Amino acid sequence: MDDGEAAVIRPGGAERLLVVDDEATVRELLSATLRFAGFSVASASTGAEAVAAATREPPDLVLLDVMLPDLDGFEVVRQLRDRPGHPVPVLFLTARDRQADKVTGLSLGADDYVTKPFDLEELIARIRAILRRTYGVPAARLTVGDLELDVEGHQVTRAGRAIRLSATEFRLLHYLMQNAGHVVSKAQILDRVWAYDFGGDASIVDTYISYLRRKADTGEPKLIQTVHGIGYVMREPRR
């Protein structure tokens, strides 16, 4: 399993995707691409792992291969649909392009069905379309004081001045701005921004906060504030 971070639909958190595919290369490529696009990503290689992961921490959407080594994707959907609560959206990813398979998948309640090989940009567009239909329209631009982050354009400005950030710095700033006014712990940041098991070394968070401060928080007022013993919060100081 690997966890990660990303864009905004649920208050106080990122859109969390679960990628289920038994091919490691496909799983890793998809996970990396989706994280770069701003999503939080977990992964599973079997149907049983997928059901367990979705039960433990329900995702906002599941990308699900049909052909898995234990339960097939259709059975995974059946089990997910049997759980109480709001049904999680499902997008099937599969090499099986028979019309009968598409009908089966959609009749089980899947939201989309994409055959391999697929275009990654189109896949991301389909994911965002499903999330918009399910949860509403995410914020395309986040603003705290004179700091602005353009989610779709992957751009950051402070008082109109463009700021160049690395992919990790952008994800960290995105997460802080999504949760503006709310204190987030270093453990939460590690889980949402680094998107994999980093060995629990929270010092990496301090290092990247320092990078962000040098690049995006050099002016006044200071927006990134330390909450000693807990973590960080982004907000405008009270006047």
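Residues numbered from 1 in each chain as written. Predicted model: local features only at pLDDT ≥ 70, side-chain atom pairs only at ≥ 80, totals over all residues. Heavy atoms only, no water.

Per an unreviewed UniProt entry, the protein chain goes by Two-component system OmpR family response regulator and derives from Kribbella italica.

### Looking at helix α6 (residues 167–178)
Between its terminal C-alpha atoms α6 stretches 16 Å, which fits the 16 Å expected from twelve residues at 1.5 Å a residue. Across the twelve residues that make up α6, a large majority, eleven, are buried. (Helix = DSSP H or I, 4+ residues; strand = E, 2+ residues; numbered from the N terminus. Expected span 1.5 Å × (residues − 1). Buried < 20%, exposed > 50% of the residue type's maximum accessible area, 1.4 Å probe, protein only.)

### Some remarks on the UniProt feature "modified residue: 4-aspartylphosphate" (unreviewed entry) in the protein chain
Here the UniProt-annotated "modified residue: 4-aspartylphosphate" (unreviewed entry) positions come out as Asp65. Relative to the helices and strands, aspartate 65 resides in strand β3 (residues 61–65). Residue classification places aspartate 65 among the buried residues on the basis of a relative accessible area of 3%. Excluding residues within four positions of it along the chain, aspartate 65 makes contact with Val20, Asp21, Asp22, Gly73, Leu93, Thr94 and Lys116. (UniProt positions renumbered as here; feature names shortened; annotations may be inferred. Contact = heavy atoms within 4.5 Å.)

### Some thoughts on the pairing of strand β11 (residues 224–227)
With four bridges connecting them, β11 and strand β12 (residues 231–234) associate as antiparallel partners. When the sheet's bridge partners are listed, glutamine 225 is paired in β12 with valine 233. The hairpin formed by β11 and β12 contains three residues between the paired strands, and glycine 229 there has a positive phi angle of roughly 85 degrees. (Pairing = 2+ DSSP bridges.)

### Quick look at the packing of helix α2 (residues 47–56) against helix α3 (residues 73–82)
At their nearest, the axes of α2 and α3 sit 10 Å apart, and the two run at 20 degrees to each other. It follows that α2 is roughly parallel to α3 by the angle criterion. Every pair of crossing elements has a handedness; the one defined by α2 and α3 is right-handed. Touching Gly47, Ala50, Val51 and Ala54 of α2 are Val76, Gln79 and Leu80, all from α3. Here the contact of α2 with α3 is composed, by residue class, of five nonpolar, two polar and no charged. (Axes fitted to C-alpha atoms, helices over the stretch in contact; angles between N-to-C directions. Parallel < 35°, antiparallel > 145°, perpendicular 65-115°, else oblique. Left-handed = near helix turned anticlockwise from the far one by under 90°. Nonpolar A, V, L, I, M, F, W, Y, C, P; charged D, E, K, R; others polar.)

### Overview of the sheet that holds β11
Strand order across the open sheet formed by three strands is β10-β12-β11, with antiparallel pairing between neighbours. Looking at the sheet topology across the chains shown, the edges are occupied by β10 (184–185) and β11. Sitting on the sheet, α6 touches β10 and β12, and the angle it makes with β12 is about 70 degrees.

### What to know about the sheet that holds strand β9 (residues 161–163)
Pairing within the open sheet is antiparallel, and its four strands lie in the order β6-β7-β8-β9. With one partner strand each, in any of the chains shown, β6 (141–144) and β9 form the two edges of the open sheet. Neighbour-to-neighbour, the strand axes of this sheet turn through a mean angle of 25 degrees, independent of strand direction.

### Focus on the pattern of salt bridges
Applying the stated criterion across every chain yields a total of twelve salt bridges. A salt bridge links lysine 116 to aspartate 21, with the nearest nitrogen and oxygen atoms 2.8 Å apart. Placement of lysine 116 in the loop between β5 (112–115) and α5 (120–135) and of aspartate 21 in the loop between β1 (16–20) and α1 (24–36) is noted, with a sequence separation of 95 residues between them. Residue classification places aspartate 21 among the buried positions, given a relative accessible area of 1%. One continuous salt-bridge network, built from bridges that share partners, spans Asp21, Asp65 and Lys116. (Salt bridge = Lys/Arg side-chain N within 4 Å of Asp/Glu carboxyl O.)

### A few points about the nonpolar core
Ranked by size, the top nonpolar core spans 29 residues in total, and within it Leu147, Leu173, Leu176, Ile189 and Met234 carry the most contacts. Those elements that place two or more of their residues in this core are β6, β7 (147–150), α6, α7 (186–194), α8 (203–216) and β12. When residues no more than four places from it in sequence are discounted, the contact partners of leucine 176 are Val184, Ile189, Ile209, Leu212, Tyr232 and Met234. Listed in part, the 21 residues of the second largest apolar core include Leu18, Ala42, Ala44 and Val66. (Core = buried A, V, L, I, M, F, W, Y, C linked by side-chain atoms within 4.5 Å.)

### Focus on unusual backbone geometry
At the junction of lysine 116 and proline 117, the peptide bond is cis and its omega measures out at -5 degrees in the coordinates. Looking at the element boundaries, proline 117 is found in the loop between β5 and α5. Of note in the backbone geometry, histidine 154 takes a positive phi value of approximately 55 degrees without being a glycine. Tracing the backbone through its elements, the reader meets histidine 154 in the loop between β7 and β8 (155–158).

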